[in-house]
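What the coordinates show
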Amino acid sequence: QVQLVESGGGLVQPGGSLRLSCAASGNIFSRSDMTWHRQAPGQRELVAGIGSGGTTNYADSVKGRFTISRDNAKNTVYLQMNSLKPEDTAVYYCHARYSSWLGAFDYWGQGTQVTVSS
């Protein structure tokens, strides 16, 4: 069983920065594709992803402001968020997808609140 635990959310002023972390238990992290999603009222969005090989992708709304990275030695994926805007306010969720010959397995964290407000 894989557990994902997010941390690093909070209240920040517009233009500020936060770094989210997602720590994974188990031994499949390095072979998993990791993504960050966010949920605002009435809207869910895939924010950024990083493959097991390190390839990254971003939603247009965060390109140039957010950076996803991973540390396989620490079983942790990060989301560095800069130049934050009020519209970035949401609950941010970490997601892992592990694919094997048995199929694809999806795991989610509990979410961490990010609020951007003056």
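Heads up: these notes are all about the structure in this document. Nothing here was measured: the structure is a model prediction, and the numbers come from that model.

Digging into the environment of Tyr 78
Looking at the secondary structure, you find Tyr 78 in strand β8 (residues 76-81). Residue classification places Tyr 78 among the buried residues on the basis of a relative accessible area of 13%. Expressed as a C-alpha distance, the spacing of Tyr 78 and Met 34, which sit 44 residues apart in the sequence, is 9.7 Å. Once residues lying within four places of it in the same chain are set aside, the contact partners of Tyr 78 are Arg 19, Leu 20, Ser 21, Trp 36, Thr 67, Ile 68, Ser 69 and Asp 71.

Quick look at the state of the cysteines
Simply put, disulfide is the name for a covalent bond between the sulfur atoms of two cysteines. As enumerated under the stated definition, the model contains one disulfide in all. For Cys 22, the disulfide goes to Cys 94, at an S-S distance of 2.1 Å. Here the S-S torsion is close to -80 degrees, and the disulfide linking Cys 22 with Cys 94 is therefore left-handed. Separated by 72 residues along the polypeptide, Cys 22 in strand β3 (residues 18-24) and Cys 94 in strand β9 (residues 90-100) bring together distant segments of the chain.

With respect to the packing of aromatic side chains
Summed over the entire model, instances satisfying the criterion amount to zero aromatic pairs. Above the ring of Trp 108, the side-chain terminus of Arg 44 is found at 5.0 Å from the ring centroid.

Focus: unusual backbone geometry
Peptide bonds are mostly trans, and most non-glycine residues show a negative phi. Even without glycine at this site, Asn 75 takes up a positive phi of about 55 degrees. Despite not being glycine, Ser 83 has its phi angle at roughly 50 degrees, a positive value. Residue classification places Ser 83 among the partly exposed residues on the basis of a relative accessible area of 42%.

Calculation criteria
- Residues numbered from 1 in each chain as written.
- Predicted model: local features only at pLDDT ≥ 70, side-chain atom pairs only at ≥ 80, totals over all residues.
- Heavy atoms only, no water.
- Helix = DSSP H or I, 4+ residues; strand = E, 2+ residues; numbered from the N terminus.
- Buried < 20%, exposed > 50% of the residue type's maximum accessible area, 1.4 Å probe, protein only.
- Contact = heavy atoms within 4.5 Å.
- Disulfide = S-S within 2.5 Å.
- Phe/Tyr/Trp six-rings, centres within 6.5 Å; stacked < 30°, edge-to-face > 60°.
- Lys NZ or Arg CZ within 6 Å of the ring centre and 35° of its normal.

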